[in-house]
Amino acid sequence: MIPIQHFLVLSSILFSLGIYGVLARRSAVLILMSIELMLQAVSINFIAFAVYLYPKEFSGLIFAIFVITIAAAEVGLALAIILRIFRNKATANVDEVDVLKW
Amino acid sequence: MGMEEAWLIPAIPAGAFAVLLLFGRYLPRRGDWLAIAAIAASFALFFPVLVDLLGEVDRADFAGVASGIDWVKFSLPTGPDFQLRLGFFVDQLAIVMLAVVTFVTLMVMVYSTGYMKGDPRYGWYFAAMSLFAAAMLTLVLADNFLLLYAAWEGVGFCSYLLIGFWHERRSASEAAKKAFITTRIGDVGLLIGIFLLWREAGTFDISEIFEFAKAGGYSAEYLTMAVLFLFAGAVGKSAQFPLHVWLPDAMEGPTPVSALIHAATMVVAGVYLVARMMPLFLEADPVALNVVTALGLTTVMMSATMGLVATDIKRVIAYSTINSLGLMMVALGSGSVTAAMLYLFAHGFFKALLFLSAGSVIHATERQEVGDLGGLARRMPVTAAVFGLGALSMAGLVPLSGFWAKDEILNVAGDHQNFVVYGFMMLSVFITALYMMRVVILTFLGEPRDREAQEHAHDAEPVMTAPLLLLAALTVVAGFVAFDGVGEALGFPGGFGEFVFVEEAEAFHFPWDVAILSTVAAVAGLAAAFYFWSGAAEPARRAADTFRPAYETLRRKYFVDDIYQWTIDRVVLAAGAVIAWFDRNVVNDTGVDGSAGLGVFSGFGMKFLETGKLPNYALAIVTGVIVLAIVFMVVRV
């Protein structure tokens with residue numbers, strides 16, 4: 001098997017790309033997609049550790065399933081909010097939604 | 001009813017005060033009858049207490065009777081015990097004071113119904129007078145220092161209320177402030193003295209402190225210091241130099257107030273205090289009594305000379321009061337409580353008489369300056385007669401009470417003091433006769449200087465004249481209590497000296513040389529007064545011109561008031577300005593406003609972090625996580 005570091009580095013790179021996406025994107029939907037990327041990076045991390053360190057147990061794999069499920073629910077919620085904002089403000093550009101500004 | 005129930009004597013006027021304060025305006029005549037009834041009751045109760053005392057006083061170990069209730073009593077974990085006790089103590093000293101205070105207060109209150117008639121605050125006058133009576137009587141009867149101090153402050157407060165009775169007049173409210181602040185300075189000393197005594201003895205009870213001192217509980221230096229602090233209170237209250245400045249100004253109050261408080265009762269509280277503390281003075285270093293004598297003598301000479309040039313009739317009598325107080329202090333400084341108390345007894349009557357008859361003059365003519373008076377004997381013969389009698393008693397003319405009392409003081413001064421003191425005392429007899437006769441001549445004799453003022457002058461109504469006559473009668477006879485024969489006939493163990501004394505009884509003795517010398521001095525003073533001030537008073541004017549600098553010094557009251565005012569302006573108010581600057585700039589601007597401003601400023605600075613933009617918040621979160629990660633990796637938590 002390839003060493004575990006390969007998976008960890010992959011997970012880190014994906015996580016960083018996700019963070020970049022969250023911080024640098026203007027569109028709310030794209031920010032959501034980046035968040036998904038971050039979540040999946042974390043899943044890869046969990047599964048790698050689960051397979052390499054505790055091959056007989058399922059804890060890490062089950063955690064990955066949890067993450068996918070919650071990500072799905074959360075996306076549904078988030079898209080609903082984005083839709084609401086779009087209907088009120090006619091924009092999906094997060095830079096323009098600053099109603100709570102001082 | 002006896003000495004055990006003596007607490008009733010101050011309690012009844014206190015009750016009258018409470019009633020007058022709350023319900024005075026609803027009572028008929030604003031309740032003056034209630035005040036008078038209360039003090040009359042106190043005076044009446046004096047007699048059974050006296051009888052009880054006389055029954056006990058023959059016992060060799062009689063040292064007074066105490067009664068009272070303990071209010072608070074606890075032991076401090078470190079230091080002496082603490083008690084708050086409402087206790088009353090009767091002995092010969094107290095009974096003399098009770099006699100003077102109750103009787104003179106009664107006379108003054110009756111007189112006031114005439115004098116203060118029509119005043120808008122008539123009811124409050126009698127309420128304040130009742131409060132004063134209660135406080136003064138409590139002071140006399142107090143058996144422990146805390147109660148004494150509370151009553152001491154109480155009479156000072158009543159003095160403030162009554163001097164400033166006509167507070168619409170600026171001069172009156174200023175005088176009331178001056179009196180209160182000046183006596184307060186002395187009171188601080190009194191409090192320090194009380195605490196010094198308590199600290200070692202563990203008790204505030206006066207008898208217990210005396211026993212403690214006698215047993216040697218205090219070192220000589222400590223006791224001397226404590227006793228001098230106590231004397232400081234007497235200096236303030238009894239208008240000794242240098243705290244005498246309030247008494248002449250206190251004449252802004254109504255004349256009956258001056259008669260009662262600033263002649264017969266409150267001002268003698270200082271004399272009473274020193275008299276009562278004489279056992280402590282005798283245990284302490286002789287320098288303490290020397291201080292008393294020195295200040296007393298200074299007071300005598302200063303006041304006598306200032307009385308010589310005063311033109312307000314009340315002021316002259318005020319200076320004569322300061323003079324008398326100084327004499328009493330010299331007597332005490334010579335170690336004689338007998339002489340001082342005999343003088344206090346006689347003085348209470350003739351000084352009240354002088355003030356009240358002056359009040360009749362003021363009431364009749366609406367004038368106080370001798371420049372506006374003159375020749376009143378024709379229109380107010382009774383008043384003139386009693387005033388003259390009082391003046392002669394003050395001057396010390398035989399056989400009036402003032403003679404016997406003053407002679408007693410001169411005796412003890414001659415026995416216990418050096419030649420200088422004795423000489424000055426004799427000189428003061430001359431000067432006293434001089435200025436007292438001066439005011440009699442300028443007010444009652446000669447030609448009226450202001451015809452208009454005298455148009456309606458007449459002897460006062462009976463309610464005002466009757467007290468005058470009673471006091472005049474006492475002025476004549478009160479001195480005779482010094483005689484052993486008189487005392488025994490009245491049921492006392494002997495003359496005054498056998499009744500009121502410290503250490504041992506003093507039988508009455510009469511050195512002829514002192515008597516003759518003082519009489520010569522007094523008569524010389526009276527004659528000189530006629531020379532200077534009768535008629536057009538030309539000799540007096542010439543003397544004033546010849547000795548202009550001395551005259552001006554006396555008129556400016558030895559510049560004492562000016563020095564005090566300068567001190568207040570330059571020192572006290574200047575220090576106050578510094579402290580005010582500190583309070584305004586450091587405490588308020590920097591401390592209070594500053595911390596508030598800091599909060600506002602930082603809040604204002606930080607609000608710009610709330611941009612409302614999601615990416616900014618996301619950045620903040622990410623930054624925070626990274627920082628924490630680095631911290632944890634470095635610190636290895």
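Residues numbered from 1 in each chain as written. Chains lettered and ligands numbered in written order. Predicted model: local features only at pLDDT ≥ 70, side-chain atom pairs only at ≥ 80, totals over all residues.

Chemist: How should I be thinking about the overall build of chain A in this particular structure?
Modeler: On a plain count of helices and strands, chain A comes out with 3 helices and 0 strands. The order of α-helices and β-strands along chain A, N terminus first, is α-α-α. In terms of its C-alpha atoms, chain A occupies a principal-axis envelope of roughly 50 × 25 × 20 Å. Across the 102 residues that make up chain A, the buried fraction comes to 11%. (Helix = DSSP H or I, 4+ residues; strand = E, 2+ residues; numbered from the N terminus. Buried ≥ 20, exposed ≤ 12 C-beta atoms within 10 Å, placed from the backbone.)

Chemist: Explanation requested: the overall build of chain B in the structure shown.
Modeler: On a plain count of helices and strands, chain B comes out with 27 helices and 2 strands. For chain B, the C-alpha atoms occupy an extent of roughly 110 × 65 × 55 Å along the three principal directions. Buried positions account for 51% of the 637 residues belonging to chain B. Put simply, 79% of the contacts in chain B that link residues at least 6 apart link residues at least 24 apart. (Contact = placed C-beta atoms within 7 Å.)

Chemist: Whenever I open this one, the interface of chain A and chain B confuses me. Can you help?
Modeler: Many structure descriptions define interface size as the accessible area lost when the parts assemble. Listed as interface residues are 11 residues of chain A and, on the opposing side, 11 residues of chain B. Looking at the side of chain A that touches chain B residue by residue, the class counts come to 8 nonpolar, no polar and 3 charged. (Nonpolar A, V, L, I, M, F, W, Y, C, P; charged D, E, K, R; others polar.)

Chemist: Explain the packing of helix α16 (residues 381-395) of chain B against helix α20 (residues 462-477) of chain B here, please?
Modeler: In helix packing, the relevant descriptors are the interaxial angle and the interaxial distance, both defined with respect to the helix axes. Residues and elements named next belong to chain B. At a closest axis distance of 10 Å, the pairing of α16 and α20 adopts a crossing angle of 30°. One element, α16, and the other, α20, form an angle in the roughly parallel class. Helix-helix and strand crossings are classified by hand; for α16 and α20 the assignment is left-handed. Residues V382, V386, L389, G390 and S393 of α16 form the contact with α20, whose participating residues are T465, L468, L469, A472 and T475. (Axes fitted to C-alpha atoms, helices over the stretch in contact; angles between N-to-C directions. Parallel < 35°, antiparallel > 145°, perpendicular 65-115°, else oblique. Left-handed = near helix turned anticlockwise from the far one by under 90°.)

Chemist: I tried to follow the confidence of the model for chain A on my own but got confused; where do I start?
Modeler: The predicted coordinates should not be examined in detail at positions where pLDDT is low. For chain A, per-residue confidence averages 91 on the pLDDT scale, and 100% of positions sit at 70 or higher. Put simply, helix α3 (residues 59-89) of chain A is where chain A has its lowest mean pLDDT, 92, and helix α1 (residues 4-24) of chain A is where it has its highest, 94. (pLDDT = per-residue confidence, 0-100.)

Chemist: For this particular structure, what's the right way to read the environment of A264(B)?
Modeler: All names here are of chain B. Within the secondary structure, A264 is located in helix α10 (residues 255-264). On the basis of neighbour count, A264 is assigned to the buried category, with 29 C-beta atoms found within 10 Å. Each C-alpha atom of the pair A264 and G31 lies 24 Å from the other, and the pair is 233 residues apart in sequence. In this structure A264 touches V100, V104, A259, G348, K351 and A352, once residues within four positions along its chain are discounted.

Chemist: Would you mind going over helix α15 (residues 337-365) of chain B with me for this structure?
Modeler: Along an α-helix, residues three or four apart share an orientation, since each turn contains 3.6 residues. Residues and elements named next belong to chain B. Taking 1.5 Å per residue, 29 residues should reach 42 Å; α15 reaches 41 Å between its end C-alpha atoms and fits that length. H347 marks the point of greatest bend in α15, at about 30°. Burial of α15 is extensive: 27 of the 29 residues sit out of reach of the surface. A positive backbone phi angle near 60° is found at E366, which sits one or two residues after α15. (Expected span 1.5 Å × (residues − 1). Bend = angle between axes of the 7 residues up to and from the residue.)

Chemist: Looking at this model, I keep getting lost on helix α6 (residues 170-201) of chain B. Mind explaining?
Modeler: Relative to the 46 Å expected for 32 residues at 1.5 Å per residue, α6(B) spans 46 Å between its end C-alpha atoms, a close match to the ideal helical length. At I185(B), α6(B) shows its largest bend, some 25°.

Chemist: How do you make sense of unusual backbone geometry when you look at a structure like this?
Modeler: With the exception of glycine, the majority of residues adopt a negative phi angle, and the majority of peptide bonds are in the trans configuration. Residues and elements named next belong to chain B. The step from F241 to P242 runs through a cis peptide bond, and the omega angle for that step is 0°. If you trace the backbone, P242 turns up in the loop between α8 (220-237) and α9 (246-249). The step from V398 to P399 runs through a cis peptide bond, and the omega angle for that step is -5°. Among the structural elements, P399 can be located in the loop between α16 and α17 (401-416).

Chemist: Is there a simple way to think about the packing of α17(B) against helix α18 (residues 419-444) of chain B in this case?
Modeler: Residue and element names in this part refer to chain B. Following both chains from N to C, one finds α17 and α18 inclined at 160°, their axes separated by 9 Å at the closest point. The angle between α17 and α18 falls in the class roughly antiparallel. In this structure, α17 crosses over α18, and the sense of that crossing is left-handed. Touching K406, L410, A413 and G414 of α17 are V421, Y422, M425 and V429, all from α18. Classifying every residue of the contact of α17 with α18 gives 6 nonpolar, 1 polar and 1 charged.

Chemist: When you look at the environment of L17(A) in this model, what are you seeing that I'm missing?
Modeler: In this fold, L17(A) is placed in helix α1. Residues L17(A) and L30(A) lie 13 residues apart in sequence; the distance between their C-alpha atoms is 12 Å.

Chemist: Any chance you could explain the nonpolar core here in plain terms?
Modeler: One recurring pattern in soluble globular proteins: nonpolar side chains tend to sit buried together. Counting 219 residues, the largest nonpolar core has F132(B), V227(B), V271(B), A340(B), Y343(B) and A352(B) as the members making the most contacts within it. Per-element accounting of this core gives the leading share, 19 residues, to α15(B). Here A340(B) is in contact with V271(B), A275(B), M328(B), A331(B) and L332(B), once residues within four sequence places are set aside. In this structure, I19(A), V22(A), A28(A) and L32(A) belong to the second largest nonpolar core, which totals 6 residues. (Core = buried A, V, L, I, M, F, W, Y, C linked by C-beta atoms within 7 Å.)

Chemist: Would you take a moment to explain the confidence of the model for chain B for this structure?
Modeler: Residue and element names in this part refer to chain B. When the pLDDT values of chain B are averaged, the result is 88; 98% of them are 70 or greater. By mean pLDDT, strand β1 (residues 65-75) is the weakest element of chain B at 71, and helix α4 (residues 122-141) is the strongest at 94. We note a pTM of 0.81 for the whole complex and an ipTM of 0.88 for its interfaces.

Chemist: Teacher, can you tell me more about the environment of K557(B) here?
Modeler: When you line up the elements, K557(B) lands in the loop between α25 (548-555) and α26 (560-606). Remark: the alpha-carbon pair of K557(B) and M302(B), spanning 255 residues in sequence, is separated by 8.4 Å.

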